[in-house]
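Structural characterization, general
So the chains spell out like this:
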Amino acid sequence: MGNYRSFGRRARPSARLFLFTLLVGCQANPAEVDLAEGVRPIQIPRISKPEYAAQLLRQMLSGPSGSEPVKLNRTLRDALSQVHTDPGELPRLKVKVDGERLDLPLRKTQVKATIVGYVAEVEVTQSYANPFRYPIEAVYVFPLPENSAVNDMKMVIGKRVIEAQIRKRAEARNIYREAASKGHTAALLEQERPNIFTQSVANIAPETDVDVTIRYVQNLTYDAGEYEFVFPMVVGPRFTGTSQPAGEVPDASRITPALVGGGFRTGHDITLELTVDAGFPITRFAVPTHDVHLTPTRDGTLDLCLSPADHIPNRDFVLTFGVSGAEPQATLLTHRSSRHGYFSLLIQPPELDIDEAVGRREVIFVVDVSGSMSGVPLALCKEAMKEALNGLRPVDTFNVITFESRTGRAFRHPRPANDANTEAALDFVAGLRAGGGTMMELGVQAAFATAVEEGRHRYVFFMTDGYIGNESKIMSLTRTFVTRPDAAGHRARVFALGVGSSINRHLLAGIANAGKGLAVYATNREHPALAVDKIFHTIDHPVLENVQIDWGTLKPTELYPAVPGDLFASRPIVIHGKFDDRAIAGQRGMPAISIRGRIGGREIHLPLEVDLQRGERRDVLSSLWARAKVDWLEQSLIYEGHQPTIVDRITELGLAHRLVTAYTSLVAVDRSKTVAGKSLTIAQPVDSPEGVDPEMAGAEQLTTIVAAQGNRAAKSRLDGPSGSMRYGIRGTGRGGGGTGEGTIGLGNLTTIGHGGGGGTGTGYGRGSGGLGSRGRGARIRSGAAEVKGALDREVVQQVLKRHRREIEVLYHRALAGDPQLSGRVVIKLTIAPSGRVRVATVAQSTIADKRFEACLLKAVRKWQFPKPAGGGVVVVTVPFDFGPQSA
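Structure report, in brief. What you see is a predicted model; the values in this text were computed from it and never measured.

A few words now on the overall build of the chain. Summing up its helical and strand segments, the chain has 16 helices and 52 strands in all. Burial statistics for the chain: of 887 residues in total, 57% are counted as buried. When contacts within the chain are restricted to residue pairs at least 6 apart in sequence, those whose partners lie at least 24 apart make up 73%. Counting only carbon and sulfur atoms, one obtains 50% of the accessible surface of the chain, whose full area is about 36100 Å².

Laid out in structure tokens, this is it:
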């Protein structure tokens, strides 16, 4: 396809006219381009109102003055099909201070990425502004790729540039707090998870802008001839089970930022620029998630930027691209430092005739049906399940397991994949509804609860958005369950299909690694069939197992992973290592590497000649090696528990290589000036991930923040476990086990927490602020259901019990707006012969909250009941009593 660029500049504010370029044969959004073909680009307008589209059509058909009219051919019809109305701008969440409504501090994020070979170097700049009359502290929880090596940060205030220092985490916090107390502007970057970070910026002066720039490097993922670059934009709501300090997720409040709901957005915009130099001409690329402006160049590189129309950070950005030329069997990138040499080795899978080695399979599908999967994510899973079930062979056995607050299954035991069983499983999948908590541990246990049938290999497929906080426990369980069948001579592998707009890739990659399998992803803008095809391509072609490498004269000293994993048919092995520079300095020719392994019981020997590459940008390899070693050490913490010696080794690595880890942080302090006045802390909320229903996910939602009352601004925050900073400025926040609300007066802070199961909300006002009151739980009781029709009352009560957590979540959300909300709601359901809820109405209510009633009905209409015996319609009337628990 020929070179082209699309345009998104607004020509006239009144008409809101946009220009963009449409290429015949490819969609403008999502962008997908095959550079092997040449097509003439045409420019057409993108218009904000239907009358402008009609006017444009008349102009195009009449043609310019003195020329022939344009014929309405297929090309023009395809072009006009892309004309659509501008949806306009969502209202922005404001911070209310002494009667003023002001913007949130984080205004924009700028991303600049450069890809060379299979390594990406990325610079992320967050721009903060203070519209208040006094200093503020901004706290922002944001995602980065799970394999990113964050190795630099700087703070820019006007013309002043302050470079960050790497310190132990506790020491960095102390430096930051001391600077904040003295009125110095400071920035602190901390890692909460490998893919979740917290940026704190203290003492942003009134009417002042502060930029914080972060840099990281990462390896790209590779699959079946295509490289993939992902930049995550928002942290999805994590289900943490319990937020109590003694729970599995003691830092729950630090990994779950509040979401903006109610039709609002944060006002935080994002831009992205990307340059790709793959080393070979780029023949094809696709951006399935965003509208982009693309500039293919003559030298085979690619320039890309995000369209201004796609500026809301509510989903992951994904780019895939393929290159021309024969793929090398192995590529070695090297870098020599003053003390050590570092390398990154990529081994491509060989072409082997291995079809005859495909074994008998037991395939277990484990589908997440928790509240966060409501809507698009669960719909994607259903489509993926249709593709997966159709991909089974008659000799396979299979089962479908679901999990939320409890588990369900299509069959009691795995069944043969014949037409009848597949049809029954498809019916089971079609009836799935989302609701409840993400108790993934139950899903893992259910998948491995039965022994593997003799002569079969077990393959487990998890389908989820990954919105949990206890990732380490799930990875550890997965590893334990996979190890047992392996020890008994059965192969057990775990694969993960991540679905949604902002997937927890750290979890998905972790369980795939623990289960010796692979993780693939399907965003909201991609058909899941592609991801399912990748998985079946993998399990239909056995891997090269027990891989061993003879390094010959290279003589590496430290390798990560230390033991290579299995070599899959479409995925390479990537190994990071250190070497003695003298080992290759005087060498003639290319080093030889020998790879051995087994396929279907047969020994395989692959002698490889390494393509030794050198380049100016290879200094990033030391960071990639250190990140790989940190990941390897963290596996010991996940699988064997806390070990002080391992923590010390990770800390030393972070300090030596300037890496942000769980135990090392970057901190920057501007001591050249002092900012006067008391400071107000604002925790930056985030936009809801695309396709995620925040209420069903049990996430906090904000529609307004009241930041201060009176003439003085008191600094406030709600503290969750481990001293984490939350909303203390009227709005919602989490303290302990539930949500909380705080208001600020003249040095007096009070808080009310509404906790699920007796959770607490605590708060304090800086200086003279005092502790808030203990939070209160919620009391929900469903009365005896009145059933008219062919459904047993006990069956109905079981369905009500299964959805109790869903009702609790909705009530907690309502309590955040009205702490005294209580009363009875009687709901009448009409259930169709299929078991689905046909009609749901409020028969009686003593609660004066129509929005809460509407939310209840919205949830209830998605419930699935068993099919009534003999068919027919069933009418169910059930009362719900709601009330806040006494203190």
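For the rest of this paragraph, the subject is the pattern of salt bridges. For the structure shown, the criterion picks out 34 salt bridges. Between Arg 215 and Asp 152 there is a salt bridge whose closest N-O contact spans 2.8 Å. Placement of Arg 215 in strand β14 (residues 209-219) and of Asp 152 in strand β9 (residues 149-157) is noted, with a sequence separation of 63 residues between them. The residue Glu 690 makes a salt bridge to Arg 315 at a minimum N-O spacing of 3.7 Å. Of the two residues, Glu 690 is situated in the loop between β40 (686-687) and α13 (694-697) and Arg 315 in the loop between β21 (302-306) and β22 (317-323); the sequence distance between them amounts to 375 residues.

Buried residues of helix α14 (residues 793-802): Val 796, Val 799 and Leu 800, and no others. Down the axis of α14, the sector holding all buried residues measures 100 degrees, keeping them to one side. Exposed side of α14, more than 90 degrees from the buried face: Glu 794, Gln 798 and Lys 801 are the residues found there. Elements that come into contact with the buried residues of α14 comprise β49 (786-788), α15 (804-817) and β52 (874-884). Two or three places before Glu 794, at the start of α14, stands the capping residue Asp 792, its side-chain oxygen 2.9 Å from that residue's backbone nitrogen.

This part takes up the pairing of strand β31 (residues 519-522). Of the two faces of β31, both are covered, the one formed by Ala 519 and Tyr 521 as well as the one formed by Val 520 and Ala 522. As paired elements, strand β30 (residues 492-499) and β31 share 4 bridges and run parallel to each other. Of the residues in β31, the one forming a bridge with Ala 496 is Ala 519. Each parallel crossover has a hand, and the one from β30 via helix α8 (residues 505-514) to β31 is right-handed.

Further remarks concern the packing of helix α11 (residues 620-640) against helix α12 (residues 644-657). Packing of α11 against α12 brings their axes to within 10 Å, and their N-to-C directions diverge by 165 degrees. Compared by their axis directions, α11 and α12 come out roughly antiparallel. Where α11 crosses over α12, the handedness of that crossing is left-handed. Between α11 and α12, the residues in contact are Ser 622, Trp 625, Ala 626, Lys 629, Val 630, Trp 632, Leu 633, Glu 634, Ser 636 and Leu 637 and Ile 646, Val 647, Arg 649, Ile 650, Leu 653 and His 657, respectively. Its residues assigned to classes, the contact of α11 with α12 comprises 10 nonpolar, 3 polar and 3 charged.

Here the focus is the sheet that holds strand β13 (residues 196-204). Here we have 6 strands laid out as an open sheet, ordered β11-β38-β12-β13-β8-β39, and mixed in their pairing. Sheet topology places β11 (165-168) and β39 (680-684) at the edges, where each strand pairs with a single neighbour. Adjacent strand axes in the sheet meet at a mean angle of 20 degrees when their direction is disregarded. Summarising the sheet, strand β8 (residues 136-143) and β39 pair through 5 bridges and their orientation is parallel. When the sheet's bridge partners are listed, Ala 138 is paired in β39 with Ile 682. In the packing of α12 onto the sheet, contacts are made with β11 and β38 (664-670), and the angle to β11 comes to roughly 165 degrees.

Two elements in contact, α15 and helix α16 (residues 850-860), have axes separated by 10 Å at closest approach and are oriented at 160 degrees. Here α16 runs roughly antiparallel to α15, going by the angle between their axes. As for how α15 packs across α16, the hand of that crossing is right-handed. Within the contact between the two elements, α15 uses Glu 806, Ile 807, Leu 810, Tyr 811 and Ala 814 and α16 uses Phe 852, Cys 855, Leu 856 and Ala 859. Considered class by class, the residues forming the contact of α15 with α16 number 8 nonpolar, no polar and 1 charged.

With that out of the way, let us pick up the side chain of Arg 238. Mapping Arg 238 onto the fold places it in the loop between β16 (226-231) and β17 (259-260). Although Arg 238 is buried, it makes no salt bridge; Glu 471 carries the closest opposite charge, 4.3 Å away. A polar side-chain atom of Arg 238 sits 2.9 Å from the main-chain carbonyl oxygen of Gly 236.

Glancing now at the nonpolar core. Of all hydrophobic cores here, the largest spans 89 residues; its most connected members are Phe 229, Phe 231, Leu 274, Phe 317, Leu 319 and Phe 321. Top contributing element to this core by residue count: α11, with 9 residues. Apart from the residues within four sequence positions on either side, Phe 231 is in contact with Val 111, Val 124, Leu 144, Tyr 216, Ile 270, Leu 272, Asp 316 and Phe 317.

Moving on to the packing of aromatic side chains. Taken as a whole and judged by the stated rule, the model has 18 aromatic pairs. Note on Tyr 459 and Phe 495: the rings are 6.1 Å apart at their centroids and 35 degrees apart in plane angle, and the pair reads as tilted. With Tyr 459 in strand β29 (residues 456-464) and Phe 495 in strand β30, the pair connects residues that are 36 residues apart, well separated along the chain. A relative accessible area of 5% means that Tyr 459 is categorised as buried. By relative accessible area, Phe 495 is classed as buried at 1%. An angle of 50 degrees between the planes, with centres 5.1 Å apart, marks the rings of Tyr 811 and Phe 882 as tilted.

The terminal C-alpha atoms of helix α3 (residues 169-181), which comprises 13 residues, lie 18 Å apart, in line with the 18 Å expected from a rise of 1.5 Å per residue. Listed as buried for α3 are Arg 169, Ala 172, Tyr 176, Ala 179 and Ala 180. Buried residues in α3, looked at end-on, bunch into an arc of 100 degrees, giving them a common side. Buried residues belonging to α3 abut β8, β11, β12 (185-193), β13 and β38.

Attention shifts here to the environment of Arg 169. By the element assignment, Arg 169 lies in helix α3. The spatial distance from the C-alpha of Arg 169 to the C-alpha of Thr 664 is 4.5 Å, given a sequence separation of 495 residues. Beyond its immediate sequence surroundings of up to four residues, Arg 169 is in contact with Glu 190, Gln 191, Glu 192, Arg 254, Ala 662, Tyr 663, Thr 664 and Ser 665. Separated by 3.3 Å, the side chains of Arg 169 and Glu 190 make a polar contact.

Before going further, it helps to spend a moment on the environment of Ala 843. Here Ala 843 shows up in strand β51 (residues 837-845). Ala 843 sits 14 residues away from Leu 829 along the chain, and the two C-alpha atoms are 9.5 Å apart. Those residues in contact with Ala 843 that lie beyond four places of it in its chain are Val 826 and Lys 828.

Another point: the side chain of Thr 661. Within the fold, Thr 661 resides in the loop between α12 and β38. A residue is classified by how much of its surface remains accessible, and Thr 661, at 0% relative accessible area, is buried. Polar side-chain contacts of Thr 661 include one of 3.0 Å to the backbone nitrogen of Tyr 663. Polar side-chain contacts of Thr 661 include one of 2.7 Å to the side chain of Thr 664. Leaving out residues up to four positions away in the same chain, Thr 661 has contacts with Gln 191, Val 630, Ile 650 and Gly 654.

Below, the discussion takes up the environment of Leu 624. Tracing the sequence through the fold places Leu 624 in helix α11. Beyond its immediate stretch of four places on either side in the chain, Leu 624 contacts Val 119, Val 217, Gln 218, Asn 219 and His 576.

Moving on, we come to unusual backbone geometry. Of note, the amide linkage connecting Tyr 560 to Pro 561 takes the cis form, showing an omega dihedral of 0 degrees. In this model, Asn 203 sits at a positive phi of 55 degrees, which is unusual for a non-glycine residue. Position of Asn 203 among the secondary structure elements: in strand β13. Located in the positive-phi region is Glu 207, a residue other than glycine, with phi close to 55 degrees. Among the secondary structure elements, Glu 207 is positioned in the loop between β13 and β14.

Criteria and cut-off values
- Residues numbered from 1 in each chain as written.
- Predicted model: local features only at pLDDT ≥ 70, side-chain atom pairs only at ≥ 80, totals over all residues.
- Heavy atoms only, no water.
- Helix = DSSP H or I, 4+ residues; strand = E, 2+ residues; numbered from the N terminus.
- Buried < 20%, exposed > 50% of the residue type's maximum accessible area, 1.4 Å probe, protein only.
- Contact = heavy atoms within 4.5 Å.
- Areas by Shrake-Rupley, 256 points an atom, 1.4 Å probe, with all protein chains shown as cover.
- Salt bridge = Lys/Arg side-chain N within 4 Å of Asp/Glu carboxyl O.
- Arc of directions from axis to C-beta.
- Polar contact = N/O pair within 3.5 Å; in protein donor to acceptor, adjacent residues only side chain to side chain.
- Pairing = 2+ DSSP bridges.
- Right-handed = clockwise from strand over helix to strand, strands pointing away.
- Axes fitted to C-alpha atoms, helices over the stretch in contact; angles between N-to-C directions.
- Parallel < 35°, antiparallel > 145°, perpendicular 65-115°, else oblique.
- Left-handed = near helix turned anticlockwise from the far one by under 90°.
- Nonpolar A, V, L, I, M, F, W, Y, C, P; charged D, E, K, R; others polar.
- Lys, Arg positive; Asp, Glu negative; His and termini not counted.
- Core = buried A, V, L, I, M, F, W, Y, C linked by side-chain atoms within 4.5 Å.
- Phe/Tyr/Trp six-rings, centres within 6.5 Å; stacked < 30°, edge-to-face > 60°.
- Expected span 1.5 Å × (residues − 1).

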